[in-house]
Amino acid sequence: MGVLPVPAEVCAILLDIEGTTTPIAFVQETLFPYIKDNVKEYLRAHWEEEECQRDVGLLRKQAQEDSSLDGAVPIPLESGSGEEELERVIQAVVDNVHWQMSLDRKTTALKQLQGHMWRAAYATGHVKGEIFEDVVPAIRKWREAGMKVYIYSSGSVEAQKLLFGYSTEGDILELFDGHFDTKIGPKVESESYRRIAASIGCATKNILFLTDVPREANAAEEADTHVAVVIRPGNAGLTDDEKSYYSLISSFTELFLPSST
């Protein structure tokens, strides 16, 4: 792969997280299993809190919308205050969360509960966000060269800030000029990259997007955004056509900025 020159017109670098700044294994083997293993305990501990009740309300509403889906798990309302009934409702929420996660769904209701659980896990030190070792030194160098650096992930902005705020490298939120999630649009749609450019205040051609997913790279490219595909341990393999078509890097240190001469 070697060195990849960054076009002179680029003034902002947009980063994916999973498989780009952070090992896919961290998300699949740490973050998601944490939710599955701890959701019942979390609900029991926080059930009376307003935030938890809002989360359950959203999940219940989602469950109603999902009622026609195969295997969908309804969440009953509480009709009394009995301990046995409370356990029944909590178990229904747990089963619903497990069902949604088994289908890799990304509903707002599920993401909101996950975000609040991860916030508690990060704050108590049960979880630390994993960052590839080349990431922080490279971003510092980019910023010294005058680059703006942004995050764009399907994970919520709150989840992004937790990962980088409680990372294996410490709190590194200061390295980023902004965060985007799917509220700006799906990562596989070119219009999302135009919206990001407008939000940043530049043209799409002034942005370099780093991702491990060719479909996202393709969408960004359709919007006239510069793209490099990141090869990391554990990432999905690329086809021969993808390898020959896209600019590839295996480390952020392989990016060569014109201003770094």
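- In the nomenclature of an unreviewed UniProt entry, the protein chain is known as ENOPH phosphatase of Chloropsis hardwickii.

## Description of the packing of helix α1 (residues 24–46) against helix α3 (residues 83–102)
- Taken N-terminus to C-terminus, the directions of α1 and α3 make an angle of 165°; their axes are 9 Å apart at the nearest point. Considered as vectors, α1 and α3 are oriented roughly antiparallel to each other. Handedness of the crossing formed by α1 with α3: right-handed. When α1 is examined against α3, the residues F32, I35, K36, V39, K40, L43 and R44 are found in contact with a partner set consisting of E87, I90, Q91, V93, V94, V97, H98 and M101.
- The residue makeup of the contact of α1 with α3, split by class, is 9 nonpolar, 2 polar and 4 charged.

## Let's talk about the pairing of strand β3 (residues 148–152)
- Among the 5 residues that make up β3, 4 are buried, leaving the element largely enclosed by the rest of the structure.
- With 4 bridges joining them, strand β2 (residues 12–15) and β3 adopt parallel strand pairing. Along β3, the bridge assignment pairs I13 with V149.
- The pairing of β3 with strand β4 (residues 178–180) spans 3 bridges and is parallel. In the sheet register, I151 faces β4, and the bridge partner there is H179.

## Notes on the state of the cysteines
- Within this structure, the stated rule accounts for 0 disulfides.
- Unpaired in this structure, C11 has its nearest cysteine sulfur neighbour in C202, at a distance of 4.9 Å.
- Judged by its relative accessible area of 35%, C11 is partly exposed.

## Some details on unusual backbone geometry
- In this structure, D104 takes a positive phi of about 55° despite not being glycine.
- Positionally, D104 belongs in the loop between α3 and α4 (108–123).
- Unlike most non-glycine residues, D224 shows phi in positive territory, near 70°.
- Mapped onto the fold, D224 is located in the loop between α8 (214–222) and β6 (226–230).

The rules we used
Residues numbered from 1 in each chain as written. Predicted model: local features only at pLDDT ≥ 70, side-chain atom pairs only at ≥ 80, totals over all residues. Heavy atoms only, no water. Axes fitted to C-alpha atoms, helices over the stretch in contact; angles between N-to-C directions. Helix = DSSP H or I, 4+ residues; strand = E, 2+ residues; numbered from the N terminus. Parallel < 35°, antiparallel > 145°, perpendicular 65-115°, else oblique. Left-handed = near helix turned anticlockwise from the far one by under 90°. Contact = heavy atoms within 4.5 Å. Nonpolar A, V, L, I, M, F, W, Y, C, P; charged D, E, K, R; others polar. Buried < 20%, exposed > 50% of the residue type's maximum accessible area, 1.4 Å probe, protein only. Pairing = 2+ DSSP bridges. Disulfide = S-S within 2.5 Å.

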